[in-house]
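Here are the chains, one letter per residue:
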Amino acid sequence: MPKKVVLVAGASSGLGRAVAEALAEAGHTVYAGARSFARGKEPPTGCQALALDVTQEDSVRAAVKAILDRSGRLDVLVCCAATFTMAPLEELPPETLLDMMNVNLVGMARCVQAVLPGMRGQGGGHVVLFSSLNGLFPIPFQGAYSATKHAVEAYAEGLRQEARRYGIRVTAVEPGDCRGGSRAYRLTHIAEGSPYTAAFQAGTAKIHHDESNGLPPQRVGRAVARAVGKKRPPARLVVASLDQRAGAWLHTLLPRRVFDRFIEAYYR
Ligand SMILES: NC(=O)c1ccc[n+]([C@@H]2O[C@H](COP(=O)([O-])OP(=O)(O)OC[C@H]3O[C@@H](n4cnc5c(N)ncnc54)[C@H](OP(=O)(O)O)[C@@H]3O)[C@@H](O)[C@H]2O)c1
């Protein structure tokens, strides 16, 4: 398998870190980007750390330039950076929704725009965008996060259609619940005396339980490393337990009102 030069954006914790380590383990040259590397956080094993803030155009451009200066090319971009606030949609501050969009979707777009000219110039590349099973179906109190991930799904599909002619492949990764994600990025917002309090507490407790008992992040890391090694990588990569995959199938198959009742009962 030819060895590649890879940038993983959002590689300081959770799935991004596991992906960076799996790619380094497979022998690729891996640049791990995140804000906390500028504050001295240890890079993932086998990777070179880069300070990267996907909300800042200059930071993204500087990181890509540093890679091109050091390695002469960039073959693969993996975008994992994301933030996540659970809240009743009625109470979610619009600024919080904008912040999530800015990292989860627009930050991704900044990275993509910075790497595409180089990939086109070298005749190809691979862009791996982290969506979620929540990019396929939302759940209560994750509606805003799900909206950002639905947007990622559409973005990935549009990019795939546009970039294929330049030999650039696009993979949307749709993980189910995985353990190891940093608590720092799992915020909650609920108004004092909110009518949603009881449902919110039950729903978020279930979400925390499912994540804590989710797949090990290394499983996603290995799946992405396999996809990166392929000549024809998949357009979509679901990495999830059978019951969570079943949730996605049911969402497609069942009438929406029936699916809503199923979800309501699960998170009650
Ligand atoms: N964990 C799961 O169960 C799960 C399930 C489905 C999908 N996903 C998706 O998988 C990806 C990783 O999630 P995770 O839960 O494993 O990770 P996480 O522990 O929540 O880590 C988030 C990462 O994003 C980075 N980040 C946040 N804001 C950033 C910014 N402005 N610029 C650059 N990097 C930024 C953080 O690094 P710094 O703070 O150091 O910048 C960190 O490395 C996300 O896209 C998430 O939506 C996760």
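A short tour of the structure in this document, coming up. Starting from 1, residues in each chain are numbered consecutively following that chain's sequence as written. Selection of residues for local features in this predicted model requires a pLDDT of at least 70, selection of side-chain atom pairs for listing and counting requires 80 or more, and totals for whole chains, interfaces and linings are taken over all residues. Remark: hydrogens and water are excluded; side-chain values derive from all non-hydrogen atoms of the structure.

Attention now moves to helix 5 (residues 197–212). In an α-helix, one turn spans 3.6 residues, which is why side chains three or four residues apart end up on the same side. Helix and strand labels come from DSSP, where a helix needs a run of H or I of at least four residues and a strand needs a run of E of at least two; each type is numbered from the N terminus. In this scheme, a helix's expected span is set at 1.5 Å multiplied by one less than its residue total. Spanning 16 residues, helix 5 covers 22 Å between terminal C-alpha atoms, matching the ideal 22 Å at 1.5 Å per step. Classification of residues uses two cut-offs on accessible area relative to the type maximum, computed with a 1.4 Å probe and protein chains only: under 20% is buried, over 50% is exposed, and between them is partly exposed. Of the residues making up helix 5, those classed as buried are Phe200, Gly203, Thr204, Ile207, Asp210 and Glu211. Take helix 5 and look down its axis: the buried residues cluster within an arc of 125 degrees, on one side only. For helix 5, the exposed residues lying more than 90 degrees away from the buried face are Ala198 and Gln201. Pairs of residues are marked as contacts when any of their non-hydrogen atoms sit within 4.5 Å. Turning to helix 5, the residues buried within the fold contact strand 5 (84–86), strand 8 (186–188) and helix 8 (256–267). The arc in question is traced by the directions running from the helix axis to the C-beta atoms.

So, about a positive patch on the surface. Judged by side-chain charge, Arg219, Arg222, Arg226 and Lys230 come together as a positively charged surface patch. Tracing the backbone through its elements, the reader meets Arg222 in helix 6 (residues 217–228). Patch rule: a residue counts if its relative accessible area is over 30% and it has no salt bridge; like charges are joined within 9 Å, and nonpolar side chains (Val, Leu, Ile, Met, Phe, Trp, Tyr) within 5 Å. Throughout, the Shrake-Rupley method with a 1.4 Å probe supplies accessible areas, and for residues the shown protein chains are the sole cover considered. By definition, a salt bridge exists where a carboxyl oxygen of Asp or Glu is found within 4 Å of a side-chain nitrogen of Lys or Arg. Counted as positive: Lys and Arg. Counted as negative: Asp and Glu. His and the chain ends are not counted at all. Here the site of a charge means NZ on Lys, CZ on Arg, CG on Asp, or CD on Glu.

Further remarks concern the packing of helix 1 (residues 14–25) against helix 6. Axis angle and axis distance: for two packed helices, these are the angle between their axes and the distance between the axes, and together they describe the pair. Remark: helix 1 packs on helix 6, axes separated minimally by 8 Å, with the N-to-C direction vectors making an angle of 50 degrees. With respect to helix 6, the axis of helix 1 lies oblique. Of the two possible hands of crossing, helix 1 and helix 6 adopt the one that is right-handed. Contacts between helix 1 and helix 6 involve Gly14, Leu15, Ala18, Val19, Ala22 and Leu23 from the former and Pro217, Gln218, Val220, Gly221, Arg222, Val224, Ala225 and Val228 from the latter. Looking at the contact of helix 1 with helix 6 residue by residue, the class counts come to 10 nonpolar, 3 polar and 1 charged. What counts as an axis is a line fitted to C-alpha atoms, over the stretch in contact for a helix, and the angles between N-to-C directions run from 0 to 180 degrees. For classification purposes, an angle smaller than 35 degrees is called roughly parallel, one larger than 145 roughly antiparallel, one from 65 to 115 roughly perpendicular, and anything else oblique. Note on convention: the crossing is left-handed when the near helix lies turned anticlockwise from the far helix by less than a right angle, right-handed when the turn is clockwise. Nonpolar residues are Ala, Val, Leu, Ile, Met, Phe, Trp, Tyr, Cys and Pro. Charged residues are Asp, Glu, Lys and Arg, and all others, Gly as well, are polar.

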